[in-house]
Amino acid sequence: MHFPSARRSSRSRPFLGVSSQGVPSLGVPSLRRRASDAVELMDDPDCDPVKLASTYANFRFVNGVVSGWRGMYRRDIRPLLSSTRESTLLDVGCGGGDVARALARWAARDGLRLRITAVDPDARAHAYAMSLPPLPGLTFRRALSSDFVAERRRFDVVVSNHVLHHLTGEQLGGLLADSERLAAHRVLHADIERSRFAYLGFGLGTWPLFRRSFIRDDGLTSIRRSFTAAELREVVPPGWQVTREHPSRLVLRRVVPTGPASAGLAPAVSASVSASAVSVLAGTASAGSVLADTVPASVSFPVKSDRRNGHSRPEREPERVHVHERGQANDSGARVRDVIVVGGGPVGILLAGLLAVRGVDVEVVEQRAKPSLRSRAIGIHPPSLRALEQLGVAEEVLARAVRIRGGVVRSDGRTLGRLAFTETVDRMQSVISLPQFETEAVLRARFAELAPGRLRGGVTVTGVSERGGRVAVETAKTVETAKPGGTHGTVEGIGTGGTGEGGVSAGETLEARYVVAADGARSLVRDLLGIRCTARTGGETYLMSDYPDTGEHLGEAVLFFERGGVVESFPLPGGRRRWVAMTPTLQTDATSDDLAALIRARTGTQLPPTTAEASAFSVQQRLATRLVAGRVVLIGDAAHQISPIGGQGMNLGWLDALQLAPALERALRDPEAASGVLGDYDRRRRRSARMAARQADFNMAMGGPVQGLRLRARNGLVRALAAPPASAVLARAFTMRWL
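Residues numbered from 1 in each chain as written. Predicted model: local features only at pLDDT ≥ 70, side-chain atom pairs only at ≥ 80, totals over all residues. Heavy atoms only, no water.

J.: A description of the sheet that holds strand β29 (residues 622–624) should follow, citing residues and the corresponding values.
T.: Pairing is antiparallel across the open sheet formed by three strands, whose spatial order is β23-β29-β32. Edge positions in the sheet fall to β23 (533–535) and β32 (640–641), since each of these pairs with one other strand and no more. Here two bridges tie β29 to β32, and the two strands are oriented antiparallel to one another. Bridge pairing in β32 links L623 to H640. (Pairing = 2+ DSSP bridges. Helix = DSSP H or I, 4+ residues; strand = E, 2+ residues; numbered from the N terminus.)

J.: Provide a residue-level description of the pattern of salt bridges, including the pertinent values.
T.: In this structure the tally under the stated criterion is 39 salt bridges. Note that E438 is salt-bridged to R400, the shortest N-O span being 3.8 Å. Placement of the pair is E438 in helix α15 (residues 436–450) and R400 in helix α14 (residues 394–400), with a sequence separation of 38 residues. For D412, the salt bridge is made with R563, and the minimal N-O distance between the two is 2.6 Å. A residue pair is termed long-range when its members are at least 10 positions apart, and D412 in the loop between β15 (406–411) and β16 (414–420) and R563 in the loop between β25 (556–562) and β26 (565–572) qualify at 151 residues. Using a relative accessible area of 36% as the deciding quantity, one classes D412 as partly exposed. (Salt bridge = Lys/Arg side-chain N within 4 Å of Asp/Glu carboxyl O. Buried < 20%, exposed > 50% of the residue type's maximum accessible area, 1.4 Å probe, protein only.)

J.: Describe helix α13 (residues 382–391), and please don't skip the residues or the numbers.
T.: With respect to burial, α13 is a largely interior element, nine of its 10 residues being buried. Turning to α13, its buried residues are P382, P383, S384, L385, A387, L388, E389, Q390 and L391. Just downstream of α13, G392 is the residue with a positive phi angle, here 85 degrees.

J.: Could you give me a rundown of the environment of G111, with the residues and numbers involved?
T.: The topology assignment puts G111 in the loop between α4 (98–109) and β2 (114–119). Residues G111 and L81, 30 residues apart in the sequence, show an inter-C-alpha distance of 9.6 Å.

J.: Explain the packing of α13 against helix α18 (residues 649–669) to me, using residue names and the numbers behind them.
T.: A pair of packed helices can be characterised by two numbers: the angle between their axes and the separation between those axes. The geometry of α13 relative to α18 is characterised by a closest axis approach of 9 Å and an angle of 50 degrees between their N-to-C directions. Taken as axis vectors, α13 and α18 run oblique relative to one another. When you trace α13 past α18, the crossing you get is left-handed. Within the contact between the two elements, α13 uses P383, S384, A387, L388 and Q390 and α18 uses N651, W654, L655 and L658. (Axes fitted to C-alpha atoms, helices over the stretch in contact; angles between N-to-C directions. Parallel < 35°, antiparallel > 145°, perpendicular 65-115°, else oblique. Left-handed = near helix turned anticlockwise from the far one by under 90°. Contact = heavy atoms within 4.5 Å.)

J.: Can you tell me about the nonpolar core, naming the residues and giving the values?
T.: Judged by nonpolar contacts, the single largest core of 72 residues is most densely connected at V339 and L388. In terms of residue count, the dominant contributor to this core is α18 (11 residues). Apart from residues no more than four positions distant in its own chain, L388 is found in contact with L350, I380, V393, A394, V397, L443 and W654. (Core = buried A, V, L, I, M, F, W, Y, C linked by side-chain atoms within 4.5 Å.)

J.: If you had to explain unusual backbone geometry to someone new, which residues and values would you point to?
T.: The phi angle at R152 is positive, at roughly 60 degrees, despite the residue not being glycine. Summarising the element assignment, R152 is placed in the loop between α6 (145–150) and β4 (155–161). Of note in the backbone geometry, D412 takes a positive phi value of approximately 55 degrees without being a glycine.

J.: Kindly report on the sheet that holds strand β14 (residues 402–403), identifying the contributing residues and their values.
T.: Read from one edge to the other, the open sheet built from three strands follows the order β13-β17-β14, with strand pairing classed as antiparallel. The strands lining the two open edges of the sheet, one partner per strand, are β13 (379–380) and β14. Pairing between β13 and strand β17 (residues 432–433): two bridges, direction antiparallel. Bridging from a neighbouring strand, I380 pairs with I432 of β17.

J.: Could you give an account of the packing of aromatic side chains, naming the residues involved and the relevant values?
T.: Aromatic ring pairs: the centre-centre distance and the angle between the two ring planes describe each pair. A full pass over the atoms with the stated rule returns four aromatic pairs. Their ring planes at 75 degrees and their centres at 5.6 Å tell us that F148 and F155 sit as a pair that is edge-to-face. In this structure F155 comes out as buried when scored by relative accessible area, which is 2%. Seen in terms of ring centroids, F560 and W579 are 6.0 Å apart; in terms of plane orientation they differ by 20 degrees. Their pairing is stacked. (Phe/Tyr/Trp six-rings, centres within 6.5 Å; stacked < 30°, edge-to-face > 60°.)

J.: So what's going on with helix α17 (residues 592–603)? Residues and values would help.
T.: Look at α17: 16 Å from first C-alpha to last across 12 residues, which is about the 16 Å you get at 1.5 Å a residue. Among the residues of α17, those classed as buried are S592, L595, A596, L598, I599, R602 and T603. Buried residues of α17 fall within an arc of 160 degrees about the axis and therefore sit on the same side. Among the exposed residues of α17, those oriented more than 90 degrees off its buried face are D593 and A601. The inward-facing, buried residues of α17 abut β24 (541–548), β25, β26 and β27 (576–583). The positive-phi residue at the C-terminal boundary of α17 is G604, with phi of around 85 degrees. (Expected span 1.5 Å × (residues − 1). Arc of directions from axis to C-beta.)

J.: Please provide a residue-by-residue account of the packing of α18 against helix α19 (residues 674–702), values included.
T.: Viewed as axis vectors pointing N to C, α18 and α19 meet at an angle of 170 degrees, and their least axial separation amounts to 9 Å. One finds that α18 runs roughly antiparallel with respect to α19. The residues of α19 that touch α18, namely those facing L652, L655, D656, Q659, L660, A663, L664, R666 and A667, are A674, V677, L678, Y681, R684, R685, S688, A689 and A692.

Below, the structure is given as structure tokens:
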């Protein structure tokens, strides 16, 4: 849509108006293209000062709901901080200072030393920020990012909130160039993503609120001005990562690899880049403050054309340096890695990829010579999609997978309730299904791009020992042999590494600063360290196989709570479905025909013939007594074995990886903080594992065989849980959003 006048575009057309009945009307403008010429009401120097002050005051409520800084503080900022060493943070375009104040409070609450400098060139925003009660460690300054570049200042972290949508492509290049020069470790630029969901949600959510401020009008204009994820990815230079986060948020990240080459200050900035940064930030403020029309006509931007997409990219490309540049050699001259991951299943390879993205020198050793082609885990929940997005493979996984739109519970031929998983335009909030071997293939391909040749297959770990500040990993070559009795049930995440059997031949000793055991439920590394596992409830047995989809339950997971035990069914890509049934005993010799007969007897469902083999498995639930032993860390099934019923095993391991990657990066960079950040990982992930185990206990208890009064009570409870408001809580639990 073309807007002939920026001023008229923000006032002449209603966005979400009010009808004659007093309810909001849904007059949504076209959002196909950025309305980069639209102007916000706060841009007017003569705007109502009372409304302006109210807008600054209300930013903290709006950002508290939509900006997601609490999560970014936990994931991206807190692992960098220390209780003994002061860290520094620069908030660019801080507006009224609400985000800076929140970060200062959270760091103080956690006992961490953080000094924040919050800057904005707008005199009105600066005056408001200075009028608030002071907070220890927080300083406001009326300044531009280029001022700090000229002063050759450096900050551990550089952040901004809702600034990007004010910028043209050239201006964005200037801001990113300044950010690269100012940030010693990390940059986080958070903004809105343009979408109908964001527009409608913000318009309806703020309709009865903030009447005496510019929040609603300027917020809607900001959404129209914002980038989509695809647009932002097209214009940012290499080394920057765009992630989509709910609700309708984009985060532009840059993790600065550290090492000898990056230990000193960045070189002085050219005058043209400084000028661009001045124009970029003139008048910007948090949550949609102003971007004054002050770009000098004479300013030039150091960009080069990218003919593939018609956009421009900053001329300087960031240098990729490992956490320990090129590694170090041990006494024998062999290279010492930053991290060795033992186990190349989905959890280990995801962690390795997340570390490689951060510039960590990582290697993976895997006992299997070739990847397994058994599907095992299939469910992928929204928090896991965030991890895949950080690695840059979420879109490919989504393209291969099938979306699960909800679940239905049935008993005796009747529907007890339905559970809908929220439909949003943000695909990263989907619940999807994809066989594990396909997910592993995507992860391995991405890791091969990031760290070519760093995945060693057919290697068995035979010993692990600490040697000062290093860990020695004794290895041997794996010789595969067939398992007696054929293939037995291996399900979601169980035995992703360390499941092969056979003899070994002579190997070598590898060394790393840290070792991560991702070698499955029967972890050899865990056993070598003498870490015990506490057993929880378990022992239930199941039989599963994949069949052609009959088309009866399109896009839904189905739970049959029957008298003889639960039967579960989940969609798979390619017109197939996974069927799982509880059995009285472990039926290792059962076939897919046997399973189909059992399902027909319990549910009345006639399944088509299949060529897939049936797999029997027994549920065991265990939790390691500790996840960190010196310089060795447990992750995934090596740390906790959770019932696969409910799809939690692989997803829980991925969430381990999402928290462990920044913790290891911090431990490598700041050895004094290592015990603290790894201890924090231990506590948090053991707590999450206990929560997941309790949910798995509930799932299995609900699906057990029952009769008579207990059957009626169980079905009554299911009906109650499937009705609002309990259904929303249940949907959140089953999609693991609380972990």
